[in-house]
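Breakdown of the fold
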Amino acid sequence: MRPPPAPPRLSVNQETIRQWSLPELVEGCTAAGVGAVGLWRDPVRTFGVRETARLVAGAGLGVSSLCRGGFFTAADPGGRAAALDDNRRAVEEAAELGADTLVLVSGGLPPGDRDLVGARGRIAGILGELAPWAASHGIRLGIEPLHPMFASDRCVVSTLGQALDLAEQFPAEEVGVVADSYHLWWDERLPAELLRAGRGGRIASVQVADWVTPLPEGVLLGRGQLGDGSIDLRGFRELADAAGYGGAVEVEIFSPGLWARDGAEVLREVVDRYRRHVG
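Residues numbered from 1 in each chain as written. Predicted model: local features only at pLDDT ≥ 70, side-chain atom pairs only at ≥ 80, totals over all residues. Heavy atoms only, no water.

Mapped onto the fold, Leu184 is located in helix α7 (residues 181–184). Overall, the relative accessible area of 1% leaves Leu184 in the buried class. In this structure, the C-alpha to C-alpha distance between Leu184 and Gln162, residues 22 residues apart in sequence, is 12 Å. Once residues lying within four places of it in the same chain are set aside, the contact partners of Leu184 are Pro145, Ser158, Thr159, Leu160, Val178, Ala179, Leu190 and Phe236. (Helix = DSSP H or I, 4+ residues; strand = E, 2+ residues; numbered from the N terminus. Buried < 20%, exposed > 50% of the residue type's maximum accessible area, 1.4 Å probe, protein only. Contact = heavy atoms within 4.5 Å.)

Turning our attention to the packing of helix α6 (residues 160–167) against helix α8 (residues 190–199). In contact at an axis separation of 9 Å, α6 and α8 are set at 20° when each is read in the N-to-C sense. As the angle between them shows, α6 and α8 are arranged roughly parallel. Of the two possible hands of crossing, α6 and α8 adopt the one that is left-handed. Contacts between α6 and α8 involve Leu160, Gly161, Leu164 and Asp165 on the former and, on the latter, Leu190, Glu193, Leu194, Arg196 and Ala197. Taken together, the residues of the contact of α6 with α8 sort by class into five nonpolar, one polar and three charged. (Axes fitted to C-alpha atoms, helices over the stretch in contact; angles between N-to-C directions. Parallel < 35°, antiparallel > 145°, perpendicular 65-115°, else oblique. Left-handed = near helix turned anticlockwise from the far one by under 90°. Nonpolar A, V, L, I, M, F, W, Y, C, P; charged D, E, K, R; others polar.)

Quick look at helix α12 (residues 263–277) now. For α12, with 15 residues, the first-to-last C-alpha span of 20 Å sits near the 21 Å given by 1.5 Å per residue. When we look at burial in α12, the residues that qualify are Gly263, Val266, Leu267, Val270, Val271, Arg273 and Tyr274. Where α12 is buried, its residues meet β1 (10–13), α1 (22–32), β10 (249–251) and α11 (256–259). At the N-terminal boundary of α12, the capping side chain belongs to Asp262, with an oxygen 3.2 Å from the backbone nitrogen of Ala264. Positive backbone phi, approximately 85°, marks Gly279, located one or two places after α12. (Expected span 1.5 Å × (residues − 1). Polar contact = N/O pair within 3.5 Å; in protein donor to acceptor, adjacent residues only side chain to side chain.)

Structure follows, in structure tokens:
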């Protein structure tokens, strides 16, 4: 007996089944009835941006997001220029792929720097140049807040409120926010900030992974399979829906444990867990 098709809003992020090549990901998701994928720049560039676009479109799959742009916090002019150039390339790649959103990880503190406020200010400065460029290519930027444990080295934007404070300096059609359960589930202000984001039309993407304790592979690679941890994933999705979000819900799990398994088995499990725990 064939399993039922995947839930219609489910998108599978490429990193969740990292062991698969792009053709394997497209073939597996198509066979399972998954309607969209989230892609990452490095493997896409290795395979070829144009070739990836043809492959995905030919299979009838949507691209819910492209990860990632960002890393805007360099204090020196050379670092700033390099970040802006790289993000312009990312915008062009997202446009060729037909992605809905370019996900931005804002960047951590430069070496020796302890000025969080100043680092966030530099993000706004680069966005002022990048957002109109992205809009001219039909791409929306999505600022993703990361868990506070990433503030030093990866992302000085730690809460949805901080992400919205940045995004709201620009038109909603140019800059939105990314709500990821792994990074935001702990914040008591999450319901209010999701409503704020929804009122402003700012929710660009929703991603889900679970939080397991202790983190099996550290904070970066310790994401849990849906249903294995502490997060009310269905409640998280319902909060986003109540705020007006109706787009894809992307399963993004960085887990060496999943990567060591058969990809088809992982995909079947992801679809089943999504159906049971996210809805």
